[in-house]
Amino acid sequence: RRCVGLGLGGAAIAWHASQRTPTCEEAAPGRREAKLLVASPAEATPSLAARCIAEALGTGIIVAGGCGAVCTSKYAGGNSTLFGVAAAWGMSVALAVYVTRAVSGAHLNPAVTCALVAIGKA
């Protein structure tokens with residue numbers, strides 16, 4: 001890992017590329033400079049198997065939550081309104097993205113993956 005001083009007044013930001021979000025660490029007492037830790041590409045890239053499992057898990061969450069809400073409303077006699085079903089779908093998609101974003105980028109849709117490959121970003 002490579003460290004870069006940022007001068008954030010006592011907090012260090014550790015950037016883990018696999019998480020795609022910074023995590024904060026406390027700097028030594030009395031230090032006014034922070035460090036940005038950059039992960040090397042080899043340790044930041046999950047394996048293909050891990051990415052495939054994450055995508056399958058995310059797709060399963062969307063199908064179970066969204067289709068489950070529709071089935072409950074239509075076949076099980078639930079009193080779900082259109083808003084309730086749409087909210088269940090939205091929460092399912094949000095949960096799937098939060099669960100898989102650190103491992104696979106949360107594409108969750110083959111069309112997104114194909115588009116990113118076509119423009120050279122995946």
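Residues numbered from 1 in each chain as written. Predicted model: local features only at pLDDT ≥ 70, side-chain atom pairs only at ≥ 80, totals over all residues. Heavy atoms only, no water.

## Some details on the packing of helix H2 (residues 48-74) against helix H3 (residues 82-104)
And then number 1: Interhelical geometry of H2 versus H3 gives an angle of 170 degrees and a closest axis separation of 9 Å. Overall, the two elements H2 and H3 adopt an arrangement that is roughly antiparallel.
And then number 2: A per-class count over the contact of H2 with H3 returns 16 nonpolar, seven polar and two charged. (Axes fitted to C-alpha atoms, helices over the stretch in contact; angles between N-to-C directions. Helix = DSSP H or I, 4+ residues; strand = E, 2+ residues; numbered from the N terminus. Parallel < 35°, antiparallel > 145°, perpendicular 65-115°, else oblique. Nonpolar A, V, L, I, M, F, W, Y, C, P; charged D, E, K, R; others polar.)

## Overview of H2
And then number 1: End to end, H2 covers 38 Å across 27 residues, agreeing with the expected 39 Å (1.5 Å per residue, within 8%).
And then number 2: Listed as buried for H2 are Ala54, Glu55, Gly58, Ile61, Ile62, Gly66 and Ala69.
And then number 3: On its buried face, H2 sits against H3. (Expected span 1.5 Å × (residues − 1). Buried < 20%, exposed > 50% of the residue type's maximum accessible area, 1.4 Å probe, protein only. Contact = heavy atoms within 4.5 Å.)

## Some thoughts on the side chain of Ser92
And then number 1: Structurally, the position occupied by Ser92 is in helix H3.
And then number 2: Within the structure, the side chain of Ser92 is placed 3.4 Å from the backbone nitrogen of Gly66, a separation counted as a polar contact.
And then number 3: The contacts of Ser92, once residues within four sequence positions are left out, are Ile61, Ile62, Gly65 and Gly66. (Polar contact = N/O pair within 3.5 Å; in protein donor to acceptor, adjacent residues only side chain to side chain.)

## Observations concerning a nonpolar patch on the surface
And then number 1: There is a patch of nonpolar side chains on the surface, built from Leu57, Leu95 and Val99 and spanning about 250 Å² of accessible area.
And then number 2: Checked against the element boundaries, Val99 lands in helix H3.
And then number 3: Judged by its relative accessible area of 38%, Val99 is partly exposed. (Patch = residues over 30% accessible without salt bridge, like charges linked within 9 Å, V, L, I, M, F, W, Y side chains within 5 Å. Areas by Shrake-Rupley, 256 points an atom, 1.4 Å probe, with all protein chains shown as cover. Salt bridge = Lys/Arg side-chain N within 4 Å of Asp/Glu carboxyl O.)

## Looking at the confidence of the model for the protein chain
And then number 1: Confidence in the prediction for the protein chain averages 74 pLDDT; 63% of positions are at 70 or higher.
And then number 2: For the protein chain, the element scoring lowest by mean pLDDT is strand E1 (residues 2-5), at 43; H3 scores highest, at 93.
And then number 3: In this model residues 1-24 is a low-confidence stretch, pLDDT under 50, and it forms 70 contacts with partners more than four residues away in sequence or in other chains.
And then number 4: Low confidence marks residues 32-39, where pLDDT is under 50. Its contacts with residues over four positions away, or in another chain, come to 39 contacts. (pLDDT = per-residue confidence, 0-100.)

## Comments concerning the state of the cysteines
And then number 1: Considering all chains together, one arrives at zero disulfides under this definition.
And then number 2: With no disulfide of its own, Cys71 has Cys67 as its nearest cysteine by sulfur position, at a separation of 6.5 Å.
And then number 3: Given the relative accessible area of 38%, Cys71 is considered partly exposed. (Disulfide = S-S within 2.5 Å.)

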